[in-house]
Amino acid sequence: MTTDLFQIKFWGVRGSIPVSGPEFDRYGGNTSCIEIRCGKHRMIFDAGSGLREAGLSMLADGVSDVDLFFSHCHYDHIIGLPFFKAIYYPSINVNIWSGHLDGKMSTREMVEQFISPPWFPVKTDICQATMNFRDFHAGQVLTPHAGIEIKTFMLNHPGGAIGYRIEWQGRSVALVYDIEHIPGSYDPVSLEMMRDADLVVYDCTYNEDEMQRFKGFGHSTWQHGTELAKMAGTKRFALFHHAPSRTDEQLAEMEMQAQAAFPESFAARDNQTVVI
C-alpha cells in the first residue's frame, strides 16, 4: 500500500433497511457503511449492514487497528455492529467514536445497550477485542492519528446526527448524510462541510417531488445536494443513503439527472472504491 493512499470504499449505501433481490444488484442493498483509508490507517463511518463484509475484508488483510465513527444510532446505522468480526478478536484494537448523544448517553452506554438482551443474545463482555470508547461533541476537531484531521458538525436530523469532514495531506472528503434541508434555504453548515471538498457523500434519499410527503423524516434530495455542491466548489458528488424501494433502474435514472445538473455526480454502489 502506498503511504499517501486516500481511498474511500462504500460497503453499504442504502438507508432505512437492507434490501435484496435482482432489482438491487447493481447499486446494492446494504445500509450505511463507509471505509476511508489514509495511508496505513483505516477508519469506518457507520455500522450499517455493510459492516459485516467490511470486517471480513479487514481480517483478511490482517488489520489490527481500526477507528469506527457513528453518525448516529438509528437502526440502519448500527445494525451491523454485532456482526463486525473484528470486535471478537483479541489481537484487534477498535476505537469507537460518537458525539450525537453528547450529554445524554456515552458511546460505551450506547454500544452496551444495543449489544445486550433482549435485542441481542449476548452482552459486550463476549467481545475479545480491545474496545476504546471515545466521546466528543459536535464542533470538536478529532485527530485519531497524526496528520488526520476530522471536523465534526451537527446535522438537521431527528435526534441529531454528526457530519464529518476528513482532511489529510491537502485532500478532503465530506460525509453529509442523514440531513434534512429546508426548501429555499441553503444550510451554512452543509456549505462549510462541502467547501472545495474533493468528494462529498450526500443524503439523496428523495426527489424534490417526494419531500412534502416525507417532511420531518430527516433526509434530503439530489437536487438540493447538487446545488450545494455547485455553490461550495465541490469536485465530486456521491448520491448516498438510497431509499430502500429505489430500484437499480430508478437509481440509474436519478444518477443521470444528477449528472445533468452536476457532471461529477455518481450514485454510490456497494463495494465501490474511489481514490482521492
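Residue positions are counted from 1 within each chain, in the order its sequence is given. Since the coordinates come from a predicted model, pLDDT governs what is reported: local features require at least 70, and pairs of side-chain atoms require 80 or more to be given and counted, while whole-chain, interface and lining totals use all residues. Side-chain measures were taken over the full set of non-hydrogen atoms in the model, leaving aside hydrogen atoms and water.

K.L.:
Which residues make up the overall build of the protein chain, and what values go with them?
P.N.:
Secondary structure follows DSSP: runs of H or I at least 4 residues long count as helices, runs of E at least 2 residues long count as strands, and numbering of each begins at the N terminus. In terms of helices and strands, the protein chain carries 7 helices and 14 strands. The C-alpha atoms of the protein chain give a radius of gyration of 18 Å, which matches the 19 Å a tight globule of 276 residues would have. Only protein chains enter the accessibility calculation, which uses a 1.4 Å probe; a residue is then buried when its area is under 20% of its type maximum, exposed when over 50%, and partly exposed in between. Every one of the 276 residues in the protein chain was classed for burial, and the buried ones make up 58%. Only heavy atoms enter the contact rule, under which two residues are in contact if any of them lie within 4.5 Å. Partitioning the intrachain contacts of the protein chain with sequence separation of at least 6 by distance along the chain shows that 67% fall at a separation of at least 24. Here the protein chain holds 23 positive side-chain charges and 34 negative ones, and the gap between their average locations is 3 Å. Computation of the radius of gyration draws on C-alpha atoms, with the globule rule given as 2.2 Å multiplied by the number of residues to the power 0.38. Positive residues here are Lys and Arg, negative ones are Asp and Glu, while His and the chain termini are left out of the count. Think of each charge as sitting on NZ of Lys, CZ of Arg, CG of Asp or CD of Glu.

K.L.:
Go over the sheet that holds strand β4 (residues 65-69), please, and point to the residues and values.
P.N.:
Paired strands, as defined in this entry, are two strands with at least two bridges between them according to DSSP. Reading across the sheet, the 7 strands line up as β6-β5-β4-β3-β2-β1-β14 and stay open at both edges, with mixed pairing between neighbours. The sheet is open, and its two borders are formed by β6 (130-135) and β14 (272-275), each paired with just one other strand. Ignoring which end each strand starts from, the neighbouring axes of this sheet average 20° apart. Pairing geometry for strand β1 (residues 6-12) and strand β2 (residues 33-38), over 6 bridges, is antiparallel. Paired with Phe6 across the two strands is Cys38, which belongs to β2. Its contacts with the sheet put helix α1 (residues 51-61) on β1, β2, β3 (41-45) and β4, and the angle it makes with β3 is roughly 170°. Lines fitted to the C-alpha atoms define the axes, with helices restricted to the stretch that makes contact. Angles between their N-to-C directions range from 0 to 180 degrees. Seen against the sheet, helix α3 (residues 107-114) touches β5 (93-98) and β6 and runs at an angle of roughly 125° to β6.

K.L.:
How would you explain the pattern of salt bridges if you had to name every residue and give the values?
P.N.:
We count a salt bridge whenever a side-chain nitrogen from Lys or Arg sits within 4 Å of a carboxyl oxygen from Asp or Glu. With the rule as written, the count across this model stands at 10 salt bridges. As a salt-bridge pair, Arg26 and Glu255 come within 3.9 Å of each other at their nearest N and O atoms. You can see Arg26 sitting in the loop between β1 and β2 and its partner Glu255 sitting in helix α7 (residues 248-261), a full 229 residues away along the chain. Given the relative accessible area of 49%, Arg26 is considered partly exposed.

K.L.:
Break down the UniProt feature "domain: Metallo-beta-lactamase" (unreviewed entry) in the protein chain for me, with residues and values.
P.N.:
UniProt positions are given in the numbering used here, feature names are shortened, and annotations may be inferred rather than shown by experiment. As annotated in UniProt, the feature "domain: Metallo-beta-lactamase" (unreviewed entry) corresponds to residues 41-242 in the numbering used here. Secondary structure across residues 41-242 divides into 22% helix and 27% strand, with the first and last C-alpha atoms of the span separated by 28 Å.

K.L.:
Provide a residue-level description of the nonpolar core, including the pertinent values.
P.N.:
If you look at the biggest cluster of nonpolar residues, it comprises 30 residues, and the most contacted ones within it are Phe10, Ile34, Ile36, Phe45 and Ile166. The set of elements that each furnish at least two residues to this core consists of β1, β2, β3, β9 (161-168), β10 (171-176), β11 (199-203) and β12 (237-240). Ranked by residues supplied to this core, first place goes to β9 with 4 residues. Apart from the residues lying within four places of it in its own chain, the contact partners of Phe10 are Cys33, Ile34, Val201, Ala238, Phe240, Phe266, Ala268, Arg269, Asp270, Asn271, Gln272 and Val274. Remark: nonpolar core denotes a set of buried residues (Ala, Val, Leu, Ile, Met, Phe, Trp, Tyr, Cys) joined through side-chain atoms within 4.5 Å. Judged by nonpolar contacts, the second largest core, of 28 residues, contains Ile44, Ala54, Leu101 and Phe133.

K.L.:
Which residues make up α1, and what values go with them?
P.N.:
Turning to α1, its buried residues are Leu51, Ala54, Gly55, Ser57 and Met58. When α1 is viewed along its axis, its buried side chains cluster within an angular range of 160° and face the same direction. Looking at the buried side of α1, the elements it contacts are β1, β2, β3 and β4. Of the residues trailing α1, Gly62 is marked for its positive phi of about 75°. The arc refers to the directions leading from the helix axis to the C-beta atoms.

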